[in-house]
Amino acid sequence: MILATASDNWQLCTAVFLVLWLGYVVVRRRYFHPLSKVPGPLLWSLSSLPILYHQALREGKLIHVLPKLHERYGPIIRISPNEIHLNDPANYDKIYNVLSKFTKDPSFYGPIEGPVRTPVILTVISNEAHRARRSALNPFFSRRSVLDLETVVRSKSLLFCEILSSALSKDEIDLEHESKDKKKAFNAHGAIRAFATDVITEYAYANCWNFLDEEDFGAWYPRAIRAVQTMFVWFQTFPRLIPVFGWVPDRVNMLLFPPFRKWFESLDVIRNFIKEVRREIDDEVKPERRTIFHDLIDPPLESTGKKRQKLSDEAVFADAVVLTGAGVETTGATAERAIYEVISNPVIYKTLVKELRDAFPDAENMTLMALEALPYLSAVIKESLSQFPLLKKFPPTESRINPGTPGHLPRVVPPGGATFNNISLPPGTVVSMSIWLMHHDPVAFPNPETFDPNRWLGSEDEVRDRERCLVPFSRGSRNCVGKNLAMSELYFLIGTVFCRFDDLEVHPDFGKEDLEMVELLVGYRPRKARKFRVVRNGGE
Ligand code: HEM
């Protein structure tokens, strides 16, 4: 009896303590927190669970909700106890600039290291440490290097067109076993991502993975990267899971998460390749072509006569993993979007084909500089990197997510604090802006629902103003290192496809609703979406 009463009292005390503690947290975060004056929904200011709900349980839908919150609460909103989101383009360059003192938010970027288990270029927190690491990569992805190695991108684009052409004429071969409809459809979704993987593996490592030659275009790879990215969201909210993942042997992780199996294997391929290059360097074997691994392990002399800082094998490995994966879905989804929009719009299609065929009687002779000089092609690419048509089926904010990296890229306010839209933020506050919202600024992009390359062909002043809001690769010292290569891929792929084919159509099974995107740092199609396929005019 005495024991029962003691236990009841203990439970009561615990319940009272929990209620008081919860009340204290709520009152402190809402009314006495340095960010308490920043507008935003109550629940979001108390906990980061709403972000987890939209990112993990609704898979990457935070980006769909942010515009609605801005509409309701204004240009500066509190989206978690310590994070502020901004949507006024005037603030972009204050945060994301070359000499920025804003550092990356460790609680967002740190978990990205989880699966690789070592810091990667994307996640280095200190801007100084990042500068040293980035300076090792920059020369390899400079405009000069991309121009020097343009044959890599050109040859993969031509191969893509060969495969597209033979896939669409397959119906002559074996009509008995498959329906005509099935035969003539080309899996453009898979092939575009295979193209992006083949380019980066050939360009950076001179060791192409040749996904374009595979039946399913190496579909395991984008699938595995996506699984890894989904995991980041959980790691970001529950960082204690990261060491658990580290302790669990790879074999068990592979059993628990099947898409990881091949991904772990791909890590081994990269690791072994680094070992091989290290051996070559030690044995003073002259490589056929110096790759990024040669440059990172054994940096060449600079014009000053100095050698750049050497990276450890572990750092070279980590950056190679990111470089291989970072350009697949980003470039892939952008190119896919461009091809979809062009073939869905006869006027755009005709104009683009004419411009390309007038400039290049033979697609094999294209050069990047000649492609870049084409105004209409350039306008199509800029439009593909920025914004997309409204899908009638969804409310606008659910429909116009652009590919690439559309979401918020959180940074930490430096010592001394910062002021945005007349609201002062103390040091240590996390601030973020979303590229997708920049591309939907109503002043820079009137009629954002329309895919309209002409918006990039107006007066110089008008285009310059618009370009201030065009930030697909972000800006400043932490911007995309692969942007020159990505642009070269977009120019060559879109250029060769539309120089060669004037009769492509979207497969009738593919609807506008399949273009919806979710954001897991990189923009993805929702899992239920059908894959983008093309057919030849009259092929149905
Ligand atoms: C259309 C294609 C692409 C888009 C839109 C894009 C966009 C971006 C953005 C916005 C960032 C900054 C992320 C952040 O602040 O957290 C970034 C970083 C990065 N991107 Fe890309 N990217 C593209 C293609 C590529 C390609 C082809 C590569 C491979 C070479 C690549 C490699 C990287 C790497 C390594 C970083 C981290 C850079 C650093 O932290 O210094 N990206 N990208």
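No experiment lies behind these values; they were computed from the predicted model shown.

About the cut-offs
Residues numbered from 1 in each chain as written. Predicted model: local features only at pLDDT ≥ 70, side-chain atom pairs only at ≥ 80, totals over all residues. Helix = DSSP H or I, 4+ residues; strand = E, 2+ residues; numbered from the N terminus. Contact = placed C-beta atoms within 7 Å. Axes fitted to C-alpha atoms, helices over the stretch in contact; angles between N-to-C directions. Parallel < 35°, antiparallel > 145°, perpendicular 65-115°, else oblique. Left-handed = near helix turned anticlockwise from the far one by under 90°. Nonpolar A, V, L, I, M, F, W, Y, C, P; charged D, E, K, R; others polar. Core = buried A, V, L, I, M, F, W, Y, C linked by C-beta atoms within 7 Å. Buried ≥ 20, exposed ≤ 12 C-beta atoms within 10 Å, placed from the backbone. Expected span 1.5 Å × (residues − 1). UniProt positions renumbered as here; feature names shortened; annotations may be inferred. Pairing = 2+ DSSP bridges. pLDDT = per-residue confidence, 0-100.

Asks: Quick question: what am I supposed to make of the overall build of the chain here?
Replies: Check the secondary structure of the chain and you find 24 helices and 11 strands. Put simply, 73% of the contacts in the chain that link residues at least 6 apart link residues at least 24 apart.

Asks: I would appreciate a short explanation of the environment of Leu-470 in the present structure.
Replies: As for its placement among the helices and strands, Leu-470 is situated in the loop between α23 (460–468) and α24 (483–500). Along the backbone, Leu-470 and Phe-17 are 453 residues apart, and their C-alpha atoms lie at a distance of 51 Å. Excluding residues within four positions of it along the chain, Leu-470 makes contact with Lys-382 and Ser-386.

Asks: Please explain the packing of helix α9 (residues 150–168) against helix α11 (residues 188–205) as it appears in this structure.
Replies: The axes of two packed helices give the description: the angle between them and the distance between them. Direction vectors running N to C along α9 and α11 enclose 150°, while the axes themselves pass 10 Å from each other. One finds that α9 runs roughly antiparallel with respect to α11. In terms of crossing hand, the pair formed by α9 and α11 is right-handed. Counted together, Val-152, Val-153, Lys-156, Phe-160 and Ile-163 of α9 and Ala-191, Phe-195, Asp-198, Val-199, Glu-202 and Tyr-203 of α11 form the full contact between these two elements. Its residues assigned to classes, the contact of α9 with α11 shows 8 nonpolar, no polar and 3 charged.

Asks: Hey, could you run me through the packing of helix α19 (residues 346–359) against α24 in this one?
Replies: It is at 8 Å that the axes of α19 and α24 come closest, and there the two elements cross at 95°. When the interaxial angle is binned, α19 and α24 end up roughly perpendicular. Within the contact between the two elements, α19 uses Leu-352, Val-353, Leu-356 and Arg-357 and α24 uses Gly-495, Phe-498 and Cys-499. Across the contact of α19 with α24, the residue classes break down as 5 nonpolar, 1 polar and 1 charged.

Asks: Sorry if this is basic, but what is going on with the nonpolar core here?
Replies: In this structure, Ala-191, Phe-195, Ile-339, Leu-490 and Ile-494 are the most contacted members of the largest nonpolar core, which totals 97 residues. Not counting residues within four places of it along the chain, the set of residues in contact with Ile-494 comprises Ala-335, Ala-338, Ile-339, Leu-377, Val-380 and Ile-381. Counting 28 residues, the second largest nonpolar core, distinct from the first, contains Ile-95, Phe-102, Val-430 and Ile-435.

Asks: Help me understand helix α18 (residues 328–344), please; the structure alone is not making it clear to me.
Replies: Along an α-helix, residues three or four positions apart point the same way, because every turn accommodates 3.6 residues. Across its 17 residues, α18 extends 24 Å between first and last C-alpha, which sits within 8% of the 24 Å expected from 1.5 Å per residue. Across the 17 residues of α18, 16 count as buried, placing the element largely inside the fold.

Asks: Would you explain the UniProt feature "binding site: heme" (unreviewed entry) in the chain in this entry?
Replies: The positions UniProt marks with the feature "binding site: heme" (unreviewed entry) are Cys-480. Note that Cys-480 resides in the loop between α23 and α24. The class of Cys-480 is partly exposed, set by 19 C-beta atoms lying within 10 Å. In this structure, Cys-480 is in contact with Phe-473 and Ser-474, ignoring residues within four places of it in sequence.

Asks: Is there a simple way to think about unusual backbone geometry in this case?
Replies: Backbone geometry follows two general trends: most residues other than glycine have a negative phi, and most peptide bonds adopt the trans configuration. At Ala-206, a residue that is not glycine, the phi angle is positive and equals roughly 50°. Phi is positive for Asn-210, which is not a glycine, with a value near 50°. Note that Asn-210 resides in the loop between α11 and α12 (220–237). Asn-210 gets classed as partly exposed once you count the C-beta atoms within 10 Å, which come to 14.

Asks: Would you take a moment to explain the sheet that holds strand β7 (residues 430–433) for this structure?
Replies: Note: strands within a sheet are paired through backbone hydrogen bonds, in either parallel or antiparallel orientation. The sheet built from 5 strands is open, its strands ordered β1-β2-β7-β4-β3 with mixed pairing. At either end of the open sheet lies a strand with only one pairing partner, and these are β1 (76–80) and β3 (103–104). With 2 bridges connecting them, β3 and strand β4 (residues 411–412) associate as antiparallel partners. The partner of Thr-103 across the bridge, within β4, is Val-412.

Asks: Honestly, helix α17 (residues 313–326) in this entry has me stumped. Any pointers?
Replies: For α17, which comprises 14 residues, the first-to-last C-alpha distance of 20 Å matches the rise-based estimate of 20 Å (1.5 Å per residue) to within 8%. The element α17 is extensively covered by neighbouring structure, given that 10 of its 14 residues are classed as buried. Taken as a whole, α17 has its buried residues at Val-316, Phe-317, Ala-318, Asp-319, Ala-320, Val-321, Leu-323, Thr-324, Gly-325 and Ala-326.

Asks: I would appreciate a short explanation of the confidence of the model for the chain in the present structure.
Replies: In low-pLDDT segments, the atomic positions of the prediction should not be examined closely. For the chain, per-residue confidence averages 87 on the pLDDT scale, and 91% of positions sit at 70 or higher. Predicted confidence for residues 172–181 stays below pLDDT 50, and this span has 4 contacts to residues more than four positions away or in other chains. Low confidence marks residues 389–400, where pLDDT is under 50. Its contacts with residues over four positions away, or in another chain, come to 27 contacts. Here the predicted complex scores 0.91 on pTM and 0.99 on ipTM.

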